Amino acid sequence: MAEASPRLPRGFLAGLRGRVGATGLPWVSGTMLLLVVVAALFGEAIAPHDPNGFNLAAAFKPPAWQEGGSLAYLLGTDNLGRDVLSRIIAGARVSLIVAAYAIVFSGVIGALIGMISGYFGGRVDAVIMRLVDIQMSIPSLALALMIAAVLSPSLSTVVIVIAITYWTWYARIVRGEILSLKERDYVALAKVAGCGTATIFHRHLLPNVMNTLLVLATLQVGQVIIFEASLSFLGLGIQSPEVSWGLMLADARNYITKAWWTITLPGVAIMLTCLSSNLVGDWLRDTFDPKRRQL
Amino acid sequence: MLGYIAKRGVHGLVSIVGASMLIFAISRLSGDPVLLMLPPEAPQSLVDETRRHMGLDQPLWMQYLIFAGKALTGDFGNSYRWQMPALDLVLDRLPATIQLAVAALLFSMALAIPFGVLSAVHRGTWIDNFGKGFAMLGQAMPNFWVGLLLILVFAIHLEWLPPFGHGTPAHLVMPAIALGWYPVAAQTRIIRSSMLDVLDSDYIRMGRAVGAPDWVLIWKYAFRNAAIPLVTMLGVYFAAMLGGAFVVEVIFAWPGLGRTVVEAVFSRDFPVVQAGVLFTSILFVLSNLLVDLSYGVIDPRIRRDG
């Protein structure tokens with residue numbers, strides 16, 4: 001590397017530039033993640049077929065490399081003759097949309113509540129932390145099932161359910177960080193200088209928890225995608241004609257003896273997406289937060 | 001120590017009461033249960049009568065108090081679908097879920113302990129990397145997909161195991177693997193890092209200096225201490241298994257609490273949903289409470305700070 005990496009990265013991008021290249025892993029997983037993003041953004045243009053276009057004459061075509069497969073359906077077709085590859089590409093969009101909205105909502109709500117809890121302390125903190133405890137005492141999937149049953153299942157319901165489920169995660173971690181940050185001299189000085197609470201939050205606390213938030217958000221992508229897939233698989237998430245990887249697996253489950261590719265391939269898409277976002281998240285954490293680096 | 005236990009106990013109780021409120025509130029949001037129970041052509045007078053009979057004409061907080069009071073005596077109402085007390089149904093299904101969760105936990109530890117120990121002993125070698133890769137893979141696979149793959153390979157192609165159902169030990173194998181796969185990663189990490197700490201300590205170096213064989217040092221002296229963090233976390237993992245059981249039980253038609261709740265959600269059988277989710281939460285809180293208490297026993301500083 002031409003320049004020595006600074007001990008304390010001054011900004012997120014500066015830190016990234018200084019440290020990329022240490023190992024090949026972030027490049028591989030980053031590229032994979034990029035592929036998923038491209039599939040999500042330009043899916044309609046890339047997909048060889050209409051993801052919902054069924055053609056019963058072409059039902060249960062195996063992938064191209066197997067006997068009876070054809071290049072027209074590279075990854076085969078499902079019970080209604082829908083192209084598996086096109087559906088996986090379409091599913092990338094739903095997975096990423098859900099992940100993006102859910103993470104932004106839960107991150108913003110959780111970070112704000114965590115900052116309030118940590119900064120004000122005392123009774124406010126006690127009440128908020130009890131609320132967090134209460135919510136965390138209900139298994140998240142059970143809570144999600146109940147909420148999904150009350151609201152009618154749809155993409156926005158899934159986002160709401162996941163945001164409600166995950167805000168506690170951000171709240172706890174941000175609170176912990178704020179507890180130590182608020183003891184710093186610059187916060188005390190800002191208070192003495194007459195800064196309002198909003199200014200202290202915005203100017204002095206938020207920038208210091210931003211790296212943690214970004215790392216948490218990246219690490220959460222995989223969990224959210226699995227959560228969405230689980231809900232959709234149970235029939236309480238994304239609904240047809242919308243395409244989701246979990247929904248594809250739910251459809252395929254009935255034909256498990258007949259078409260192995262409809263059971264395996266959507267799962268491989270979930271696995272690769274989660275794997276690469278987890279690897280990128282781990283790498284970001286190691287880069288920005290050496291304290292939490294695992295041995 | 002007593003003060004610490006009492007404080008943790010009160011927190012646990014608050015969590016359970018809060019959870020019961022939340023569960024009650026969510027199920028009431030879904031609309032009028034009377035309309036679900038009665039046929040659509042039922043006359044208005046019957047609807048009103050049923051509503052009064054069920055206490056649904058009372059204000060919401062009053063309804064909650066009635067619900068909580070009855071719940072304390074074990075009365076969660078009758079299942080709309082099964083026409084039997086919801087509590088009986090839940091208690092009937094609970095053992096199967098606990099059986100599955102324990103089996104899954106045993107499976108995950110059976111993998112995590114050797115992986116963690118060997119990764120620490122052979123730090124930086126291919127063994128370490130293999131353990132890491134395996135763990136990362138586990139965290140990227142949804143448990144229901146692992147279950148489907150297991151069915152595909154071991155039930156359909158190899159025909160070694162029954163694809164679903166309950167009763168014999170063979171029925172337990174695949175659900176336990178599907179459920180126990182996920183926590184392997186976290187458990188391996190815990191074992192590995194605490195093992196690294198212990199291997200670096202004086203008494204191990206001393207043992208090495210006097211010429212004790214490696215396997216005695218590793219398994220007899222180092223591992224016993226390194227296992228403590230994992231033991232204290234068992235409650236957390238047990239709770240996580242309960243949560244994960246919801247989907248896995250559906251796939252394997254496992255007659256446990258998770259599948260019962262999922263089915264009840266679909267048929268809007270709210271007494272069963274309420275009782276089922278509340279019982280899962282109570283188990284959840286109890287296992288976390290055990291974790292807190294075991295920390296307190298092991299590390300006296302936590303007791304003081306409470």
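Residues numbered from 1 in each chain as written. Chains lettered and ligands numbered in written order. Predicted model: local features only at pLDDT ≥ 70, side-chain atom pairs only at ≥ 80, totals over all residues.

**Quick notes on the overall build of chain A**
What counts here: Put simply, DSSP H or I for four residues or longer makes a helix, DSSP E for two residues or longer makes a strand, and each gets a number counted from the N terminus. Once C-beta atoms are placed from the backbone, each residue is buried if 20 or more other C-beta atoms lie within 10 Å of its own, exposed if 12 or fewer, and partly exposed for counts between those two. Any two residues are considered in contact once their C-beta atoms, placed from the backbone, lie within 7 Å.
Counting its regular elements, chain A contains 10 helices and zero strands. Listing every helix and strand of chain A by position from the N terminus yields α-α-α-α-α-α-α-α-α-α. Counting all 295 residues of chain A, 45% fall into the buried class. Restricting to contacts in chain A with at least 6 residues of sequence separation, those with at least 24 account for 69%.

**Here's the deal with the overall build of chain B**
Counting its regular elements, chain B contains 15 helices and zero strands. On the principal axes, the C-alpha backbone points of chain B span a range of 90 × 60 × 30 Å. Within chain B, the proportion of its 306 residues that are buried is 38%. Considering only residue pairs separated by 6 or more positions, chain B has 73% of its internal contacts joining residues 24 or more positions apart.

**Topic: the interface of chain B and chain A**
Cut-off, in case you're wondering: Put simply, Ala, Val, Leu, Ile, Met, Phe, Trp, Tyr, Cys and Pro go in the nonpolar bin, Asp, Glu, Lys and Arg in the charged bin, and everything else, Gly too, in the polar bin.
If you look at the interface, chain B gives 42 residues, while chain A gives 35 residues. At the level of secondary structure, the elements contributing two or more residues to the side of chain B that touches chain A comprise helix 1 (2-29), helix 6 (126-139), helix 7 (143-157), helix 9 (184-199), helix 12 (228-251), helix 13 (257-266) and helix 14 (270-298) of chain B. Looking at the side of chain B that touches chain A, its residues break down into 31 nonpolar, 10 polar and one charged.

**Describing the nonpolar core**
Side chains of a nonpolar character, in soluble globular proteins, are inclined to be buried together. Operational definition: For our purposes the nonpolar core covers buried Ala, Val, Leu, Ile, Met, Phe, Trp, Tyr and Cys residues that link as a set through C-beta atoms within 7 Å.
Within the largest apolar cluster, 161 residues are counted, with the highest numbers of intra-cluster contacts made by Leu145, Met146 and Ile162 of chain A together with Met241 and Val261 of chain B. If sequence neighbours within four positions are ignored, Leu145 of chain A has contacts with Leu236 of chain A together with Phe246, Val261, Val262 and Val265 of chain B.

**A few points about the confidence of the model for chain B**
Residue and element names in this part refer to chain B. Stated precisely, the cut-off is as follows: Within a predicted model, pLDDT stands for the predictor's per-residue confidence, ranging from 0 to 100.
Summarising the model, chain B shows a mean pLDDT of 82, and 94% of its residues fall at 70 or more. Of all secondary-structure elements in chain B, the lowest mean pLDDT belongs to helix 15 (residues 300-305), at 56, while helix 5 (residues 86-121) reaches the highest, 90. If you check the scores for this complex, the pTM reads 0.84 and the ipTM reads 0.83.

**Observations concerning the confidence of the model for chain A**
Residue and element names in this part refer to chain A. Model confidence for chain A is summarised by a mean pLDDT of 82, while 89% of its residues fall at 70 or above. Here helix 1 (residues 12-19) is the element of chain A with the lowest mean pLDDT, 51, and helix 3 (residues 84-120) is the one with the highest, 91. This stretch, residues 1-10, has a pLDDT under 50; its non-local contacts, to residues over four places away or in other chains, come to eight contacts.

**What to know about unusual backbone geometry**
Of all residues except glycine, most have a negative phi; of all peptide bonds, most are trans. Of note, the bond from Ser240 of chain A into Pro241 of chain A is cis; its omega dihedral lies within 30 degrees of zero at 10°. Positioned with a positive phi, Ala253 of chain B is a non-glycine residue whose angle comes to about 50°. You can see Ala253 of chain B is positioned in the loop between helix 12 and helix 13.

**Observations regarding the packing of helix 3 of chain A against helix 4 (residues 122-136) of chain A**
Residues and elements named next belong to chain A. Condition: To get an axis, fit a line to the C-alpha atoms, keeping to the stretch in contact for a helix; angles then go from 0 to 180 degrees between the N-to-C directions. Each angle receives one of four descriptions, namely roughly parallel if under 35 degrees, roughly antiparallel if over 145, roughly perpendicular if within 65 to 115, and oblique otherwise. Two helices crossing with the near one rotated counterclockwise from the far one by less than a right angle form a left-handed crossing, whereas a clockwise rotation gives a right-handed crossing.
Closest axis-to-axis distance for the helix 3/helix 4 pair is 7 Å, and the angle between their directions is 140°. When the axes of helix 3 and helix 4 are compared, the pair comes out oblique. As helix 3 runs across helix 4, the sense of the crossing is left-handed. Facing Ile113, Ile116, Ser117 and Phe120 of helix 3, the residues of helix 4 in contact are Gly122, Val124, Asp125, Ile128 and Met129. Looking at side-chain class alone, the contact of helix 3 with helix 4 contains six nonpolar, two polar and one charged residues.

**Here we look at the environment of Ile147 of chain A**
On the secondary structure map, Ile147 of chain A appears in helix 5 (residues 140-150). Ignoring any residue separated from it by four or fewer positions in sequence, one finds Ile147 of chain A in contact with Val161 and Ile164 of chain A together with Ile26 of chain B.

**Re helix 8 (residues 169-180) of chain B**
All names here are of chain B. Applicable threshold: Any helix carries an expected span of 1.5 Å times its number of residues minus one.
Helix length check: helix 8 (12 residues) gives 16 Å between terminal C-alpha atoms against 16 Å at 1.5 Å per residue, within 8%. Burial in helix 8 covers these residues: Leu172, Met174, Pro175, Ala176, Ile177, Ala178, Leu179 and Gly180. Packed against the buried residues of helix 8 are helix 5, helix 7 and helix 12.

**Brief notes about helix 7 (residues 185-192) of chain A**
Counting buried positions over the eight residues of helix 7 of chain A gives zero, only a small fraction of the element. Positive phi appears at Gly194 of chain A, one or two residues downstream of helix 7 of chain A, with a value of about 90°.

**Regarding the packing of helix 5 of chain B against helix 9 of chain B**
Relative orientation and spacing of two packed helices are given, respectively, by the angle between their axes and the distance between those axes. All names here are of chain B. At a minimum axis separation of 7 Å, helix 5 and helix 9 run at an interaxial angle of 35°. Crossing angle aside, the handedness with which helix 5 passes helix 9 is right-handed. For the pair helix 5 and helix 9, contact is made by Ser108, Met109, Leu111, Ala112, Ile113, Phe115, Gly116, Val117, Ser119 and Ala120 and by Val184, Gln187, Thr188, Ile191, Arg192, Met195, Leu196 and Leu199, respectively. For the contact of helix 5 with helix 9, the residue count by class is 12 nonpolar, five polar and one charged.

**Quick look at the environment of Glu67 of chain A**
Residue and element names in this part refer to chain A. Take Glu67: it is sitting in the loop between helix 2 (25-46) and helix 3. Residue class for Glu67 comes out exposed when judged on the 5 C-beta atoms lying within 10 Å of it. For the pair formed by Glu67 and Leu213, sequence separation is 146 residues and the distance between their alpha carbons is 49 Å.

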